Amino acid sequence: MLAAAAGGPAPGASEQRSGEGRFSVLTWEQVQRLDQILGEAVPIHGRGNFPTLSVRPRTIVQVVRSRLEKKGIAVHNVRLNGSAASHVLHQDSGLGYKDLDLIFGVDLKTEDVFQLVKDVVMDCLLDFLPEGVNKDKITPMTLKEAYVQKLVKVCNETDRWSLISLSNNSGKNVELKFVDSLRRQFEFSVDSFQIILDSLLLFGECSENPMAENFHPTVTGESMYGDFEEAMDHLRNRVIATRNPEEIRGGGLLKYCNLLVRGFKPKSEVDMKALQRYMCSRFFIDFSDIGEQQRKLECYLQSHFVGMESKRYDYLMTLHRVVNESTVCLMGHERRQTLNLIAMLAVRVLAEQNIIPTVTNVTCYYQPAPYVSEINFNYYVTHVQPFLPCNQSYPTWLPCN
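Quick summary incoming for the structure in this document.

Parameters at a glance
- Residues numbered from 1 in each chain as written.
- Predicted model: local features only at pLDDT ≥ 70, side-chain atom pairs only at ≥ 80, totals over all residues.
- Heavy atoms only, no water.
- Helix = DSSP H or I, 4+ residues; strand = E, 2+ residues; numbered from the N terminus.
- Buried < 20%, exposed > 50% of the residue type's maximum accessible area, 1.4 Å probe, protein only.
- Polar contact = N/O pair within 3.5 Å; in protein donor to acceptor, adjacent residues only side chain to side chain.
- Contact = heavy atoms within 4.5 Å.
- Axes fitted to C-alpha atoms, helices over the stretch in contact; angles between N-to-C directions.
- Parallel < 35°, antiparallel > 145°, perpendicular 65-115°, else oblique.
- Left-handed = near helix turned anticlockwise from the far one by under 90°.
- Nonpolar A, V, L, I, M, F, W, Y, C, P; charged D, E, K, R; others polar.
- Salt bridge = Lys/Arg side-chain N within 4 Å of Asp/Glu carboxyl O.
- Disulfide = S-S within 2.5 Å.
- Pairing = 2+ DSSP bridges.
- Phe/Tyr/Trp six-rings, centres within 6.5 Å; stacked < 30°, edge-to-face > 60°.
- Lys NZ or Arg CZ within 6 Å of the ring centre and 35° of its normal.

### Some thoughts on the side chain of S223
Right, on to step 1. Take S223: it is sitting in strand β11 (residues 220–223).
Right, on to step 2. Taking the relative accessible area as the measure of exposure, S223 reaches 0% and is therefore buried.
Right, on to step 3. At a separation of 3.0 Å, a polar atom in the side chain of S223 contacts the side chain of S192.
Right, on to step 4. Apart from the residues within four sequence positions on either side, S223 is in contact with R22, S192, F193, F228 and A231.

### Details of the environment of E246
Right, on to step 1. Examined against the element boundaries, E246 turns out to sit in the loop between β12 (239–240) and α8 (253–261).
Right, on to step 2. Overall, E246 belongs to the partly exposed group, its relative accessible area being 33%.
Right, on to step 3. Spatially, the C-alpha atom of E246 lies 9.9 Å from that of I285, the residues being 39 residues apart in sequence.
Right, on to step 4. Every residue in contact with E246, bar those within four places of it in the chain, is listed here: Y278 and R282.

### Brief notes about unusual backbone geometry
Right, on to step 1. Here the phi dihedral of R238 falls at roughly 55°; this positive angle occurs in a residue that is not glycine.
Right, on to step 2. Along the polypeptide, R238 turns up in the loop between α7 (228–237) and β12.
Right, on to step 3. Here R238 falls in the partly exposed class, since its relative accessible area comes to 30%.
Right, on to step 4. Located in the positive-phi region is N244, a residue other than glycine, with phi close to 50°.
Right, on to step 5. Turning to its location among the elements, N244 is positioned in the loop between β12 and α8.

### Digging into the packing of α8 against helix α11 (residues 312–326)
Right, on to step 1. Where α8 meets α11, the axes come as close as 9 Å, and the angle between the chain directions of the two elements is 120°. By the angle class used here, α8 and α11 are oblique. Between α8 and α11 lies a crossing whose hand is right-handed. Taking contact as the criterion, the partners of L253, L254, Y256, C257, N258, L260 and V261 in α8 are, on α11, D314, Y315, T318, L319, R321, V322 and V323.
Right, on to step 2. In the contact of α8 with α11, the residues fall into 10 nonpolar, 2 polar and 2 charged.

### A look at the pattern of salt bridges
Right, on to step 1. Enumeration over the complete set of coordinates arrives at 19 salt bridges.
Right, on to step 2. A salt bridge links R236 to E229, with the shortest nitrogen-to-oxygen separation between them at 3.3 Å.
Right, on to step 3. Here R236 falls in the partly exposed class, since its relative accessible area comes to 32%.
Right, on to step 4. On the basis of relative accessibility, which here comes to 26%, the residue E229 falls in the partly exposed class.
Right, on to step 5. A single salt-bridge network, built from bridges that share partners, covers E298, R312, R348 and E352.

### Let's talk about the side chain of R184
Right, on to step 1. Mapped onto the fold, R184 is located in the loop between β9 (174–181) and β10 (193–196).
Right, on to step 2. For R184, a relative accessible area of 12% translates into the label buried.
Right, on to step 3. Within polar-contact distance, the side chain of R184 engages the backbone oxygen of R243 at 2.7 Å.
Right, on to step 4. When sequence neighbours within four positions are dropped, the list of residues in contact with R184 reads T242, R243, N244, E247 and I248.

### Here we look at the state of the cysteines
Right, on to step 1. Tallied over the entire structure, the rule returns 0 disulfides.
Right, on to step 2. No disulfide involves C257; its sulfur sits 7.6 Å from that of C280, the nearest cysteine.
Right, on to step 3. On the accessibility criterion, C257 (0% relative accessible area) is buried.
Right, on to step 4. The thiol sulfur of C280 is not disulfide-bonded, and the nearest other cysteine sulfur, from C329, lies at 7.3 Å.

### A few points about the pairing of strand β6 (residues 100–105)
Right, on to step 1. Of all the 6 residues making up β6, 6 are buried; the element is thus mostly covered by neighbouring parts of the structure.
Right, on to step 2. Here 4 bridges tie strand β5 (residues 78–81) to β6, and the two strands are oriented antiparallel to one another. The partner of R79 across the bridge, within β6, is I103.
Right, on to step 3. Sheet topology places β6 next to β9; 6 bridges connect them, and they run parallel. When the bridges of β9 are listed, L102 appears paired with L176.

### Things to note about the environment of L108
Right, on to step 1. Mapping L108 onto the fold places it in the loop between β6 and α4 (111–128).
Right, on to step 2. If near-sequence neighbours (up to four positions away) are discounted, L108 is found in contact with V113, F114, V117, R160, W161, S162, F178 and D180.

### Some remarks on the packing of aromatic side chains
Right, on to step 1. For the structure shown, the criterion picks out 11 aromatic pairs.
Right, on to step 2. Ring geometry for F104 versus F178: centroids 5.0 Å apart, planes at 20°, classification stacked. Remark: F178 occurs in strand β9 and F104 occurs in strand β6; sequence separation between them is 74 residues. For the pair F104 and F178, one class covers both residues: buried.
Right, on to step 3. A ring pair is formed by F283 and F287, whose centres lie 5.1 Å apart and whose planes are at 40°; its orientation type is tilted.
Right, on to step 4. Through pairs of rings, three or more aromatic residues link up here, namely F283, F284 and F287.
Right, on to step 5. The ring centre of F114 lies 5.6 Å from the NZ or CZ of K153, which sits over that ring.
Right, on to step 6. Here the basic side chain of R184 rests over the ring of F186, its NZ or CZ set 4.2 Å away from the ring centre.

Right, here's the structure in full:
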């Protein structure tokens, strides 16, 4: 368990791979960053008169895990996932991190277990309330409405998992994912990392001495992309690589455009052009209605560009270009409708930044894709319509089929 014993790596050693190349032992510097993330208090903002909870991720994991095991639900391991894991492995990746994605490996064999997991998390939130709060009349439903941003449950032949996202007004949500099985666990190689937290958490509970370069737990990371060192190379050099994007909900389209705006480059321009068509096709399969597309885009802009509002216009223009070049699965009017939506959102972003005075009576022009060859093809003109706010709450489980 310790780097100074049990055959762990020498201090300062580079990442070491094991097994089939999926795993790597974290360096001392990476372990320090991980410990810092788990030890920093994260605010969970309450709606209405409910107070803000200030809780360390380490504490959330320990309390939730303990409660689950007391209820007879074994937790096989706990992992840090997503952009936070990428940040731990390479601090200057350009990705940054917002959400803290924590994965609990559990068995979700019945509907009762799904409900029990949800009840356990609500009980933990009740315990996190500050002293002086009368907890007697606070129900799980009340806590869910006050502190939960999103609830998702997926239960089909290949995937069995649930997600409970705790609210944070700055977009830095704590996302607790309880996974029995999940066929696709990454979008791109640079966000495919999962760091197993068990050894670090156990060290904090058992060791009387603080960590040091020659005395710290051996922490292992895994790349769900497949080859850890290849994925790390992509992260260091800001390379975009994936496989089978049609397996990803939404095709990875929105994340792909986000990476482009952040300066990441495709591993292969030719291959990526082909993959873009799969991304667009899957996106429009999952979000076929123009209203769904608008809600998805507005929520993505709201949650993924906190502190980076100036990048939203570039992002929308990049998305417009990719959809324009690579969408082959839609009828002409559907494609024009989506491109017009993206253009309208871009105009609104400019208006919010006071780059243009108002969006009233602004006209958006749609340019046909390069492969359109009709001789009498006309440009289409449409006027900006009012926008729907993205402030809805999710009071019940959301299906994610």
